[in-house]
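# Geometric and topological summary
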Amino acid sequence: RITLMKNIFFTTGHSLFFACVLSLIIKSFGISDIMAILLGGIILGFCSAALPQLCQPFMRKITGSDETAIGHFNMIGYALSGHIGKFFSKYEDKSTEDINFPKWLSFFRDFLMGVAVIMLGLFYLSALKAGRDVTQELAGTTHWLVFPMVQAFTFTAGMSILMTGVRMFLAEITAAFVSISERFIPNSRPALDVPTVFPYAPTAVIVGFLSAYAAGLIGVFVMVIFKFPVVIIPAAHICFFSGGTAGVFGNSTGGWRGAVVGSFV
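In this text the structure is predicted, and so the values were computed from the model without any measurement. (Residues numbered from 1 in each chain as written. Predicted model: local features only at pLDDT ≥ 70, side-chain atom pairs only at ≥ 80, totals over all residues. Heavy atoms only, no water.)

A few words now on the side chain of threonine 253. Mapped onto the elements, threonine 253 comes out in helix H9 (residues 236-264). A residue is classified by how much of its surface remains accessible, and threonine 253, at 5% relative accessible area, is buried. One polar contact links the side chain of threonine 253 to the main-chain carbonyl oxygen of glycine 82, over a distance of 2.7 Å. Setting aside chain neighbours within four positions, we find threonine 253 in contact with Phe58, Lys61, Ser81, Gly82, Gly85, Lys86, Phe88, Ser89 and Glu92. (Helix = DSSP H or I, 4+ residues; strand = E, 2+ residues; numbered from the N terminus. Buried < 20%, exposed > 50% of the residue type's maximum accessible area, 1.4 Å probe, protein only. Polar contact = N/O pair within 3.5 Å; in protein donor to acceptor, adjacent residues only side chain to side chain. Contact = heavy atoms within 4.5 Å.)

So, in structure tokens, the structure goes:
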């Protein structure tokens, strides 16, 4: 209410994740429960209001307004992607949405078709690498070669529902939020989950996902080569949401080049 950080964090699932991590870290220092709750609460509350502010210049550029903020605890990464995109500012007009795909790749112009094809490739690659026995155990009564297809299209169907829901949610939340803004925190804005930016540059989401996933796989090889005690395997859904959003931010300032490099970093 009293600072310039007028962001109300609506992604409560991420607040819970962040609270759990803060609890683990703070308690590892032997701090009492009450102090851990107070310290963790202050850090979580500050980050919830402050970090969306880093992304707001790019949100204004992406959405064309200042009515909503991004609320997802990879906000430093998204802001970084937007700044990286500025290195390619002379290509800003070369957006991912203007890519001229060859005729045989024209289906990528449709976001859901692009997602379906990419997920089919990833699921079949994983299934073949895991082998028949492991995949069949996961598939249950479904044939092990049909299982990856079902999973890929289930993911795509979920994205379709998500995108439709986002459009409905955005239309309602801005009107409903007025009472909160006027009564409790004047001039505030809701900080919403990352799918709210997907409709503004859907191709950038796919580009960002692929670039982030490639970076994650390269990271695995680096960790193995240098014999890290822990090897982190990139999770596809994390790369999709975080990498895809970074792609949208990078695209807003540097076109498709910004989307690729920003999400990769």
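Here we come to the pattern of salt bridges. Tallying each qualifying case throughout the model produces 4 salt bridges. Between lysine 27 and aspartate 33 there is a salt bridge; the shortest N-O distance is 2.7 Å. Where arginine 189 meets aspartate 66, a salt bridge forms, and the shortest distance between an N and an O atom there is 3.1 Å. Here arginine 189, found in strand E3 (residues 189-192), pairs with aspartate 66, found in the loop between helix H2 (33-63) and strand E2 (69-70); they are 123 residues apart in sequence, far enough to count as distant. Of the residues examined, arginine 189 reaches a relative accessible area of 8% and is grouped as buried. (Salt bridge = Lys/Arg side-chain N within 4 Å of Asp/Glu carboxyl O.)

This part covers a nonpolar patch on the surface. On the surface, Leu80, Ile218, Phe221, Val222, Ile225, Phe226, Phe228, Phe264 and Val265 cluster together into a nonpolar patch covering about 950 Å² of accessible area. When residues of the nonpolar patch are assigned to their parent elements, the largest contribution, 4 residues, is made by helix H8 (residues 202-225). Mapped onto the secondary structure, isoleucine 218 falls in helix H8. (Patch = residues over 30% accessible without salt bridge, like charges linked within 9 Å, V, L, I, M, F, W, Y side chains within 5 Å. Areas by Shrake-Rupley, 256 points an atom, 1.4 Å probe, with all protein chains shown as cover.)

Right, let's get into the environment of valine 150. Residue position: valine 150 is located in helix H6 (residues 147-176). Residues valine 150 and arginine 60 lie 90 residues apart in sequence; the distance between their C-alpha atoms is 38 Å.

For the structure on display, the rule yields 10 aromatic pairs. Seen in terms of ring centroids, phenylalanine 9 and phenylalanine 73 are 4.7 Å apart; in terms of plane orientation they differ by 15°. Their pairing is stacked. Taken together, the residues phenylalanine 9 in strand E1 (residues 7-9) and phenylalanine 73 in the loop between E2 and helix H3 (75-85) connect sequence positions 64 residues apart. Note on phenylalanine 9: relative accessible area 13%, which makes it buried. (Phe/Tyr/Trp six-rings, centres within 6.5 Å; stacked < 30°, edge-to-face > 60°.)

Turning next to the confidence of the model for the protein. Note that predicted coordinates carrying low pLDDT should not be read in detail. Overall, the predicted model of the protein reaches an average pLDDT of 92, with 100% of residues at or above 70. Of all the helices and strands in the protein, helix H7 (residues 178-183) carries the lowest mean pLDDT, 76, while H3 carries the highest, 98. (pLDDT = per-residue confidence, 0-100.)

What follows concerns the packing of H8 against H9. Following both chains from N to C, one finds H8 and H9 inclined at 115°, their axes separated by 5 Å at the closest point. Classed by the angle they form, the pair H8 and H9 counts as roughly perpendicular. Here the hand of the crossing between H8 and H9 comes out right-handed. Listed contacts from H9 to Ala204, Val205, Val207, Gly208, Phe209, Ser211, Ala212, Tyr213, Ala214, Ala215 and Ile218 of H8 are Ala236, Cys239, Phe240, Gly243, Gly244, Gly247, Val248, Asn251, Ala259, Val260, Ser263 and Phe264. The residue makeup of the contact of H8 with H9, split by class, is 16 nonpolar, 7 polar and no charged. (Axes fitted to C-alpha atoms, helices over the stretch in contact; angles between N-to-C directions. Parallel < 35°, antiparallel > 145°, perpendicular 65-115°, else oblique. Left-handed = near helix turned anticlockwise from the far one by under 90°. Nonpolar A, V, L, I, M, F, W, Y, C, P; charged D, E, K, R; others polar.)

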